[in-house]
Amino acid sequence: MKSYQELADKWIKGNGEEYLDINPADKDHVLAKIKLYTKDNVKEAINRAVAKFEEWAKTPAPKRGSILLKAGELMEQEAQEFALLMTLEEGKTLKDSIFEVMRSYNLLKFYGALAFKISGKTLPSADPNTRIFTLKEPLGVVALITPWNFPLSILVWKLAPALTAGNTVLLKPATKTPLLVAKLVEVLSKAGLPEGVVNLVVGKGSEVGDTIVTDDSVAAVSFTGSTEVGQRIYRLVGSKKRMTRIQLELGGKNALYIDKSADLTLAAELAVRGAFGLTGQSCTATSRLIVHKDIYSQFKQRLLERVKKWRVGLGTEDVDMGPVVDEFQFKKDLEYIEYGKNAGAKLIYGGNTISRKGYFLEPTIFEGVTSEIRLFKEEIFGPILSVTEAKDLDEAIRLVNAVDYGHTAGIVSTDIKAINEFLARVEAGVIKVNKPTVGLELQAPFGGFKNSGATTWKEMGEEALEFYLKEKTVYEGW
Ligand SMILES: NC(=O)C1=CN([C@@H]2O[C@H](COP(=O)(O)OP(=O)(O)OC[C@H]3O[C@@H](n4cnc5c(N)ncnc54)[C@H](OP(=O)(O)O)[C@@H]3O)[C@@H](O)[C@H]2O)C=CC1
Ligand SMILES: O=C(O)CCC(=O)C(=O)O
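Residues numbered from 1 in each chain as written. Chains lettered and ligands numbered in written order. Predicted model: local features only at pLDDT ≥ 70, side-chain atom pairs only at ≥ 80, totals over all residues. Heavy atoms only, no water.

1. A short note on the sheet that holds strand 12 (residues 346-349)
Point 1. Pairing within the open sheet is mixed, and its seven strands lie in the order 12-13-14-11-10-16-17. With one partner strand each, in any of the chains shown, strand 12 and strand 17 (430-433) form the two edges of the open sheet. Averaged over neighbouring strand pairs, the angle between their axes works out to 25 degrees when direction is ignored.
Point 2. Where strand 10 (residues 254-258) and strand 11 (residues 286-292) come together, five bridges link them in parallel fashion. (Pairing = 2+ DSSP bridges. Helix = DSSP H or I, 4+ residues; strand = E, 2+ residues; numbered from the N terminus. Axes fitted to C-alpha atoms, helices over the stretch in contact; angles between N-to-C directions.)

Spelled out as C-alpha cells, the structure:
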C-alpha cells in the first residue's frame, strides 16, 4: 500500500496530536500519520508570514508571476502523481482527479500571467496641473481556509491570485486532505517561491480556526466551506479590532429544472452527472430536480434508465463514482436516506450501502419531495437526489428559489422564452442552460448568492485578483 509519510514529514511539522490520513476507499490504508498544528504553531506561522511580507510585496510582480508559471509547469509534469494522491486521499475517480489537477496547473499559469498586467487607472482632473491615478497594492498576510471536496483547485484559485498580488499567505486546508496541499507547497518551493511566503498549517478548524481568523496580523480571510462555519467566521472577523477583508463561498442546494420543452435524454444525462458525479460532494452538485408535470413520467423513465448504468467503485478503477469521503459524511448520508423514507418522500432508486472496505453508497433518488421537508431544503453533500414536480414554469422558478441557498441553478429547455425568464428570476450566482450544474471554468468569475456566499468578492477569473489588492488614489499636482 502506497505511503506518503515522507511527504508529510517534510512539509507538515505540527507539535500537536496525531491524525491518521486514511484512504476512504479502503479504511485499512493509512496514507500518512500527520502531526497536527497547535494554536502556538499557528501563531508562529502567522509571524513568519508577517516577517516575509515586505520582501515579497517588493518583489516585482512579473518575477512573482514567473514563479507561479514555473509552478504550473512543474505541476503539469507531475499531474499523474497529483491525481493519484487526490484519488487516494479524497476518493474521487482518477478521471475527476486528473481534471482537477489540470484546472489547478492552469490556474497557476493564468494568475502567473496576470501578474504582468496588475494595473491601476488614470483619470482626468478638473485642475490642469494635476494628474489623478491609482496604484494597486497587496493587503498583507491573507488567511486561506479551504474544504476537502476540491482539495487542490479551490486552494489554488485563492492562493495563486493572492501570491500574484504580493501577499504572504497562511494556508489552512481541510484536515482530511493535507497531503495534496503538502505536495503543492513542495512544487511552489521547487519553482523558487521563497520560504515564509506560503505557510501551511494543518490543524482542526474547530481548534485553530478562531486563532487564525481573529489574529490582528491577518488582513484578509478567504474561506470556502459550510455555511455554518462561514457564518461563524463572518461574525468573528466583524468583531476584530482590525478591519479585515472577507470572502466567503459556502454551501448550496442546487436545483436543475427540466422544462416541458427539454430534450429528455440530455436532461437525464445532466441530472445524473450533476447529482452523482464527485459522489454528490460538490457545492455545484444537482441536489434537487424540478420537473414539469407534462413530461414527468417520460423523464422519470429516462432518469432511471440512465442511473442504472452509473458505475460505483474504487476511484482508481474505471468507474463513474467513488466512495463517500469519510465515516462522518457516510453516516450523515444514511441518516438523510432514513429521514427521507420516513418524511413521506418515495425512494425510487438506490438507498443502500455497497459492501466493500470503504464508504460506498448507491446513487439514491427520492421523488415526491415537497418543499417543506429537510431533503428539499438542507445541503446533504452526498449522492442523494430529490425530485419535485412543478405544474408550470412559474411554480418551478418559485421552487428553485425556495431555499436559503443560491449557489448554482440550471435549466434544460429548448424554449428561449422559458430560458430567459429563468435567467431573470432565479437567484443564484451561476446559472447553467442545457449544461450540468457542476463544472466551472477558471476564466469566469463565480460566487454564490443568499446563504451560499457573502457576495463581497468573486472568485476565479480576473475578478479574483481584486480581493487580494487594495487601491491607493494619488492626486499629483505641480
Ligand atoms: N461555495 C463554494 O465554492 C464551495 C462550498 N463548499 C462547501 O464546503 C462544505 C464541505 O466542506 P467541509 O470541509 O466539510 O466544510 P467545513 O465548513 O466543515 O470546513 C471548511 C474548512 O474550514 C475549516 N474549519 C472548520 N471549523 C472552523 C472554524 N471554526 N474556524 C475556521 N475554520 C474552520 C475546516 O477545517 P477542518 O477540516 O479541520 O474541519 C476546513 O478547512 C459544504 O458545505 C460545501 O457546500 C465546498 C466547495 C466549494
Ligand atoms: O463544479 C466545479 O467545477 C467546482 C465547484 C466547486 O468548487 C465545488 O463544487 O466545490
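2. Digging into the side chain of Thr87
Point 1. Position of Thr87 among the secondary structure elements: in helix 4 (residues 79-90).
Point 2. Those residues in contact with Thr87, other than ones at most four positions away along the chain, are Lys92, Thr93, Leu94, Ser97, Gly315 and Thr316. (Contact = heavy atoms within 4.5 Å.)

3. Things to note about a nonpolar patch on the surface
Point 1. A cluster of nonpolar side chains, contributed by Leu20, Ile22 and Val30, occupies part of the molecular surface with about 190 Å² of accessible area.
Point 2. Within the element layout of this structure, Ile22 appears in strand 1 (residues 18-22). (Patch = residues over 30% accessible without salt bridge, like charges linked within 9 Å, V, L, I, M, F, W, Y side chains within 5 Å. Areas by Shrake-Rupley, 256 points an atom, 1.4 Å probe, with all protein chains shown as cover. Salt bridge = Lys/Arg side-chain N within 4 Å of Asp/Glu carboxyl O.)

4. Description of the UniProt feature "active site" (unreviewed entry) in the chain
Point 1. UniProt's entry tags Glu249 with the feature "active site" (unreviewed entry), counted in the numbering of this structure.
Point 2. With respect to the helices and strands, Glu249 occurs in strand 9 (residues 245-249).
Point 3. In this structure Glu249 comes out as buried when scored by relative accessible area, which is 3%.
Point 4. Beyond its immediate sequence surroundings of up to four residues, Glu249 is in contact with Phe223, Thr224, Gly225, Phe446, Gly447, Gly448, Ser452, Trp457 and Glu459. (UniProt positions renumbered as here; feature names shortened; annotations may be inferred. Buried < 20%, exposed > 50% of the residue type's maximum accessible area, 1.4 Å probe, protein only.)

5. Re the nonpolar core
Point 1. Counting residues in hydrophobic clusters, the biggest one holds 90 residues, and the most contacted among them are Leu159, Leu171 and Val198.
Point 2. When near neighbours in sequence (up to four residues on either side) are disregarded, Leu171 contacts Leu144, Leu155, Leu159, Val181, Val185, Val198, Asn199, Leu200 and Val201.
Point 3. Of all hydrophobic cores here, the second largest spans 32 residues; its members include Tyr359, Val369, Ile384 and Phe422. (Core = buried A, V, L, I, M, F, W, Y, C linked by side-chain atoms within 4.5 Å.)

6. Thoughts on the site of ligand 2
Point 1. Residues in close proximity to ligand 2 include Arg103, Asn149, Phe150, Ile154, Trp157, Ser282, Cys283, Thr284, Val438, Gly439 and Leu440, which together make up its full environment.
Point 2. Here an oxygen atom of ligand 2 and a side-chain polar atom of Asn149 are 2.8 Å apart.
Point 3. In isolation ligand 2 has 290 Å² of accessible area, and contact with the protein removes 98% of it.
Point 4. Looking at side-chain class alone, the shell around ligand 2 contains six nonpolar, four polar and one charged residues. (Near = heavy atom within 4 Å. Polar contact = N/O pair within 3.5 Å; in protein donor to acceptor, adjacent residues only side chain to side chain. Nonpolar A, V, L, I, M, F, W, Y, C, P; charged D, E, K, R; others polar.)

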